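Residue-level structure breakdown
One-letter residues, chain by chain:
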Amino acid sequence: MKKLGILTSGGDCPGVNAVIRGAVLGGEVVHGYGFVGFRDGWRGVLEQDVVPLPRRSVRGISRLGGTILGTSRTNPLEGGGTGAVRESLRRNGLMGLIAIGGEGTLAAAKALCDQGVNVVGVPKTIDNDLGATDYTFGFDSAVQTATEAIDRLRTTGESHHRCMIAEVMGRNAGWIALHSGMASGAHAILIPEHPVSLDQIATWVLSARDRGRAPLVVVAEAFVPEGQETPYAPRGLDTFGRPRLGGIGRLLEQQLQQATGIETRATVLGHIQRGGEPTAYDRVLATRLGLAAVEAAANGSWGTMVSLRGTDIVTVGLELALGSLKVVPEARYREAAVLFG
Ligand code: F6P
């Protein structure tokens with residue numbers, strides 16, 4: 001029987017389990033493939049930490065948050081390299097790997113493929129910042145969670161006549177802030193792609209207050225006010241060498257309160273945005289990506305990732321995912337900004 005390995009790497013994300021289920025069911029039903037899962041991403045590959053993934057192990061998992069396989073930010077190129085990955089495939093009798101991950105994972109997958117290891121990638125991030133796919137699964141769920149939280153901040157802000165700030169995730173892209181801010185009717189949305197000054201933010205906040213509203217600000221974690229240095233203390237690097245972000249909400253709390261005289265409170269939504277059940281949209285998208293990843297493997301299309309183009313799932317070269325960060329276009333920001341004034 002032909003066998004494939006599956007791993008989930010990087011930050012977890014609602015919908016990962018639906019990808020695993022889609023791949024296992026598609027592989028078994030259409031091709032008669034068997035599957036194993038590696039625990040905790042590349043760590044499991046390097047350390048041969050393997051679990052069998054028969055059909056019964058994926059029953060009912062597409063609605064579950066997190067990942068049944070566990071995840072880590074282990075970088076395979078640092079932790080043993082291509083040789084160890086190849087050995088793991090050989091020992092487990094695998095024709096290749098399906099790697100479900102974000103930018104760091106897909107970069108590692110590409111480097112491994114370049115050295116002859118068979119990998120198909122599935123793009124995964126709540127940040128929606130991967131090129132060559134229109135949306136990543138997990139993004140819709142994160143936006144839904146953030147929007148529900150911001151709606152709650154609004155009611156307490158209105159009761160106390162306060163300005164409320166919600167800091168959301170997204171790494172260097174403002175997608176979660178843009179969508180949750182639009183959905184919740186924020187009076188200012190602050191994203192790294194479009195720096196604005198503290199004066200401009202204060203103007204939006206005061207104008208909302210003058211219209212009788214409790215000002216609501218949604219800020220993306222990588223936003224830096226125009227004219228300021230990265231204003232918050234760096235929180236170190238992750239294993240892929242990227243800075244850990246966060247802290248701008250608290251800083252804006254002080255700066256805005258001082259600039260406007262309005263009592264201000266910041267809330268960091270943090271990992272709540274990554275947890276919990278995926279939305280129906282994400283379950284469907286993730287399942288389709290899992291099915292398509294197995295088809296790519298069956299066709300021998302190694303070195304590719306599956307991707308959403310319009311309403312179709314297509315296969316593209318892994319290098320396209322890595323070329324450039326998919327950031328919020330200026331026109332999308334301007335569209336949202338009409339609603340601030
Ligand atoms: O990439 C997903 C993400 O949740 C980012 O939005 C965030 O900056 C980062 O991961 C947090 O990483 P960690 O879970 O390692 O703190």
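Residues numbered from 1 in each chain as written. Predicted model: local features only at pLDDT ≥ 70, side-chain atom pairs only at ≥ 80, totals over all residues. Heavy atoms only, no water.

In the nomenclature of an unreviewed UniProt entry, the protein corresponds to ATP-dependent 6-phosphofructokinase from the organism Pseudarthrobacter oxydans. Under the UniProt heading Sequence similarities (unreviewed entry), the entry covering the protein gives this text: "Belongs to the phosphofructokinase type A (PFKA) family. Mixed-substrate PFK group III subfamily." One UniProt comment on the protein, placed under Catalytic activity (unreviewed entry), says "beta-D-fructose 6-phosphate + ATP = beta-D-fructose 1,6-bisphosphate + ADP + H(+)". (UniProt positions renumbered as here; feature names shortened; annotations may be inferred.)

**Quick notes on the overall build of the protein**
A tally of helices and strands in the protein yields 11 helices and 11 strands. Relative to its length of 341 residues, the protein is compact, with a C-alpha radius of gyration of 21 Å against a globular reference of 20 Å. When the backbone C-alpha atoms are referred to their principal axes, the protein occupies close to 70 × 35 × 30 Å. A separation of at least 24 residues holds for 75% of the contacts in the protein among residues at least 6 apart in sequence. Put simply, the protein shows about 13700 Å² of open surface, and 50% of that area lies on carbon and sulfur atoms. Charged side chains in the protein number 34 positive and 33 negative. The centres of these two groups are separated by 7 Å. (Helix = DSSP H or I, 4+ residues; strand = E, 2+ residues; numbered from the N terminus. Rg over C-alpha atoms; globule rule 2.2 N^0.38 Å. Contact = heavy atoms within 4.5 Å. Areas by Shrake-Rupley, 256 points an atom, 1.4 Å probe, with all protein chains shown as cover. Lys, Arg positive; Asp, Glu negative; His and termini not counted. Charge placed at Lys NZ, Arg CZ, Asp CG, Glu CD.)

**Examining helix 3 (residues 81-91)**
Of all the positions in helix 3, only Gly 81, Thr 82, Val 85, Ser 88 and Leu 89 are classed as buried. An end-on view of helix 3 places all buried positions within 125 degrees of arc, on one side of the element. Among the exposed residues of helix 3, those pointing more than 90 degrees away from its buried face are Arg 90 and Arg 91. Looking at the buried positions of helix 3, the neighbouring elements they touch are strand 2 (34-38), helix 2 (42-46), strand 4 (96-101) and helix 4 (103-114). Just downstream of helix 3, Gly 93 is the residue with a positive phi angle, here 65 degrees. (Buried < 20%, exposed > 50% of the residue type's maximum accessible area, 1.4 Å probe, protein only. Arc of directions from axis to C-beta.)

**Observations concerning the UniProt feature "binding site: ATP" (unreviewed entry) in the protein**
Here the UniProt-annotated "binding site: ATP" (unreviewed entry) positions come out as Gly 11, Arg 73, Thr 74, Gly 102, Glu 103, Gly 104 and Thr 105. Separation in sequence by 95 residues is not matched in space for these annotated residues, since their most distant C-alpha atoms are only 13.1 Å apart. Along the chain, Glu 103 turns up in helix 4. We classify Glu 103 as partly exposed; its relative accessible area is 33%. Relative to the helices and strands, Gly 104 resides in helix 4. Judged by relative accessible area, Gly 104 falls into the buried class, the value being 10%.

**Side note on the UniProt feature "active site" (unreviewed entry) in the protein**
According to UniProt, the positions carrying the feature "active site" (unreviewed entry) are Asp 127. Positionally, Asp 127 belongs in the loop between strand 5 (119-123) and helix 5 (139-160). Setting aside chain neighbours within four positions, we find Asp 127 in contact with Gly 170, Arg 171, Ala 173, Trp 175 and Ile 176.

**Considering the site of the ligand**
Every residue near the ligand is listed here: Arg 73, Thr 125, Ile 126, Asp 127, Met 169, Gly 170, Arg 171, Glu 221, His 271 and Arg 274. Within the contact set of the ligand, an oxygen atom lies 2.8 Å away from a side-chain nitrogen or oxygen of Arg 274. Surface burial for the ligand is 82%, taken as the share of its 400 Å² of free accessible area covered by protein chains. Looking at the shell around the ligand, its residues break down into two nonpolar, three polar and five charged. (Near = heavy atom within 4 Å. Polar contact = N/O pair within 3.5 Å; in protein donor to acceptor, adjacent residues only side chain to side chain. Nonpolar A, V, L, I, M, F, W, Y, C, P; charged D, E, K, R; others polar.)

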